[in-house]
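Architecture at a glance
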Number of protein chains: 2
Amino acid sequence: MSKVRVHNLFISLDGFSAGTYVTADEPIGDARALFGRFDGRVINGVHHVAEPITADRIFASAWGQGIGAEIMGRRKFGPQSGPWDDDDWRGWWGDAPPFRTPVVVLTHYERAPLAFDNGTVFHFLDADPATALAFARELADGGDIRLGGGPSTVRQFLAADLVDFLHLVTVPVVLGEGTSIWPGTAGLADGFDIETLTTGSGLTHQFWNRRR
Amino acid sequence: MSKVRVHNLFISLDGFSAGTYVTADEPIGDARALFGRFDGRVINGVHHVAEPITADRIFASAWGQGIGAEIMGRRKFGPQSGPWDDDDWRGWWGDAPPFRTPVVVLTHYERAPLAFDNGTVFHFLDADPATALAFARELADGGDIRLGGGPSTVRQFLAADLVDFLHLVTVPVVLGEGTSIWPGTAGLADGFDIETLTTGSGLTHQFWNRRR
């Protein structure tokens, strides 16, 4: 069975992985401080190793390996909420979204799929995590499923015990408020083997692998 | 300009990266102890992340990213020396060598190229490091050049100051004898920024990036 993997999930010392708002001008809202030490959120380059080749960048570049489809929350796809009032919105990423696979966007407001020349196809689905995962596996051609965030989406899959691998990046910053993956997940770590490393940039990386 | 990169170069505490002999039955000769803590020398899987997903495996999997061609010494291609007495020898790797790019094999005894269905093509070249590198760059279509070893080959390129990136993996083992990349390279480290990390397996990884 293909795995459900979370990569490059940045988290503050007080446990937040996103701010309290997102706008078209500020895709990461008031959580910019999370990305001051490393540009992990910059998607360009994850298919290749950027220069210089640091441990942080090698870890970030595991993002795409063996992935057959992504699942993301609607807020990662765009700043809108409610019924789609802008059918011209094609995501944050221009003409070449970095995914290069099918992407399932979870939304209560379904719309027609959006296909790009580089293999990225956004499918819009109103479904619970298990149903969305089954749909993504059909699209993934045997590859793993990357759970792409945001943190609210990751939290729902964690609470449903559907995550096999989690790459957390703890950033030495305090946000004070924001969105967290942790509510409702107490005891979750007991089911995983966890490896922890620190890098010269001051980041702490954790690799959670579900115990067999 | 594309980079010359060395990945997954294992080294003992006393500085050896290979044993003193290689045979058809023992491709890593008497240096097996180098690979007891991690199967980094097992090439299968480097295009995908193996399970469980550990820091060691993520580091190993950077091997293929952005690579357009490899250069290797003849001893990595096979156990023979001198004139080719076995034209049927097609390398250690069966019908699907893991390289999937052109590979320049350095040898004093040139022979016709060997092509495989998965994109791997071995070219046999009698040339000094700078000439071999120019030839590999022509084949690499803009990608980086991976210097694939063995250690004697890496040493020659280091001595010629042709290496831009070096991923060293120090293994807590003493070999006593073997082949080293270090002779003739004193002072080399001064030209690189070096990041060092240890992993839970007991390995120490170093990432050397040539200083700009």
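To be clear, the structure that these remarks concern was listed above.
The structure presented is a predicted model; accordingly, all values stated were derived computationally and were not measured. Each chain carries its own residue numbering, running from 1 in the direction its sequence is written. As they are written, the chains are lettered A onward and the ligands numbered 1 onward, keeping that order. Totals for whole chains, interfaces and linings use all residues, but because this is a predicted model, local features are given only for residues with pLDDT of at least 70 and pairs of side-chain atoms are given and counted only at 80 or more. Processing note: side-chain calculations cover all non-hydrogen atoms of the structure and skip hydrogens and water entirely.

Some words on helix 4 (residues 151-159) of chain A
All names here are of chain A. Residue exposure (1.4 Å probe, protein chains only): buried if accessible area is under 20% of the type maximum, exposed if over 50%, otherwise partly exposed. Runs of E in the DSSP output that reach at least two residues are strands. Runs of H or I that reach at least four are helices, and both are numbered from the N terminus. Of all the residues in helix 4, the buried ones are P151, T153, V154, F157 and L158. The buried residues of helix 4 occupy an angular sector of 155 degrees when projected down its axis, which confines them to one face. Two residues qualify as a contact provided that any one of their heavy atoms is within 4.5 Å of a heavy atom in the partner residue. On the buried face of helix 4, the contacting elements are strand 1 (4-12), strand 2 (67-73), strand 3 (102-106), helix 3 (129-139) and strand 6 (144-147). Throughout, the arc means that of the directions going from the helix axis to the C-beta atoms.

A look at the interface of chain A and chain B
The interface is formed by 27 residues belonging to chain A together with 27 residues belonging to chain B. Summed over both partners, the accessible surface that disappears when two parts come together, traced with a 1.4 Å probe, is what is meant by buried area. Taken together, both faces of the contact between chain A and chain B bury some 2100 Å²; the carbon and sulfur share is 60%. Contact with chain B buries surface across chain A, with I53, I58 and Q65 of chain A losing the most and accounting together for 28% of the total. Salt bridges are counted wherever a side-chain nitrogen of Lys or Arg sits within 4 Å of a carboxyl oxygen of Asp or Glu. Run the count over chain A and chain B and you get zero salt bridges.

Let's talk about the pattern of salt bridges
Residues and elements named next belong to chain A. One pass over the structure, following the stated rule, counts 12 salt bridges over all chains. With a shortest N-O distance of 3.2 Å, D164 and R210 are connected by a salt bridge. Taken together, the positions of D164 in the loop between helix 4 and strand 7 (165-171) and R210 in strand 9 (residues 204-210) put the pair 46 residues apart, joining distant regions of the chain. Given a relative accessible area of 17%, D164 falls into the buried group. Among the ionic pairs, R211 bridges to D193, the shortest N-O distance being 3.0 Å. Of the two residues, R211 sits in the segment after strand 9 while D193 sits in strand 8 (residues 192-198), which places them 18 residues apart along the sequence. Through salt bridges that share partners, E70, K76 and R146 make up one connected network.

A word on the relation of the copies chain A and chain B
Copies are brought into register by a least-squares superposition over C-alpha atoms of residues with pLDDT of at least 70 in both. Superposing chain A onto chain B takes a rotation of 180 degrees plus a shift of 0.0 Å along the axis, which leaves an RMSD of 0.0 Å. Taken together, the rotation and translation describe the operation of a two-fold axis. A symmetric contact is evident, with 100% of the interface residues of chain A recurring at the interface of chain B.

Digging into the environment of R74 of chain A
Residue and element names in this part refer to chain A. Here R74 is to be found in helix 2 (residues 74-77). On a C-alpha basis, the gap between R74 and G119 in space is 20 Å, while along the polypeptide they are 45 residues apart. Those residues within four positions of R74 in sequence are excluded, and the remaining contacts are Q80, S81, G82, P83, W84, V105, L106, T107 and Y109. Each polar contact in these results corresponds to two N or O atoms within 3.5 Å; when the atoms are within protein, one needs to be able to donate a hydrogen and the other to accept it, and residues that are neighboring in sequence are counted only if both atoms are side-chain atoms. Only 2.6 Å separates the side chain of R74 from the backbone oxygen of G82, close enough to count as a polar contact.

Some remarks on the environment of V169 of chain A
Residues and elements named next belong to chain A. On the secondary structure map, V169 appears in strand 7. Accessibility expressed as a relative area gives 1% for V169, which makes it buried. Expressed as a C-alpha distance, the spacing of V169 and G148, which sit 21 residues apart in the sequence, is 14 Å. Residues in contact with V169, not counting those within four places in the same chain, are N8, L9, F10, I11, L203, T204 and H205.

Points about unusual backbone geometry
With an omega of -5 degrees, the peptide bond running from G149 of chain A to G150 of chain A counts as cis. By secondary structure assignment, the location of G150 of chain A is in the loop between strand 6 and helix 4. For R100 of chain A, which is not glycine, the phi dihedral falls at a positive 65 degrees. Mapped onto the elements, R100 of chain A comes out in the loop between helix 2 and strand 3. Here the phi dihedral of D161 of chain B falls at roughly 60 degrees; this positive angle occurs in a residue that is not glycine. For D161 of chain B, the position within the fold is in the loop between helix 4 (151-159) and strand 7 (165-171). For D161 of chain B, a relative accessible area of 44% puts it in the partly exposed group.

Digging into the sheet that holds strand 4 (residues 114-115) of chain A
Residue and element names in this part refer to chain A. Taken in spatial order, the nine strands line up as 4-5-3-2-6-1-7-9-8 in an open sheet, and their pairing is mixed. The strands lining the two open edges of the sheet, one partner per strand, are strand 4 and strand 8. Pairing between two strands is assigned when DSSP locates at least 2 bridges connecting them. Here strand 1 pairs with strand 6 via two bridges, running parallel. Looking across to strand 6, one finds that R5 is bridged to R146.

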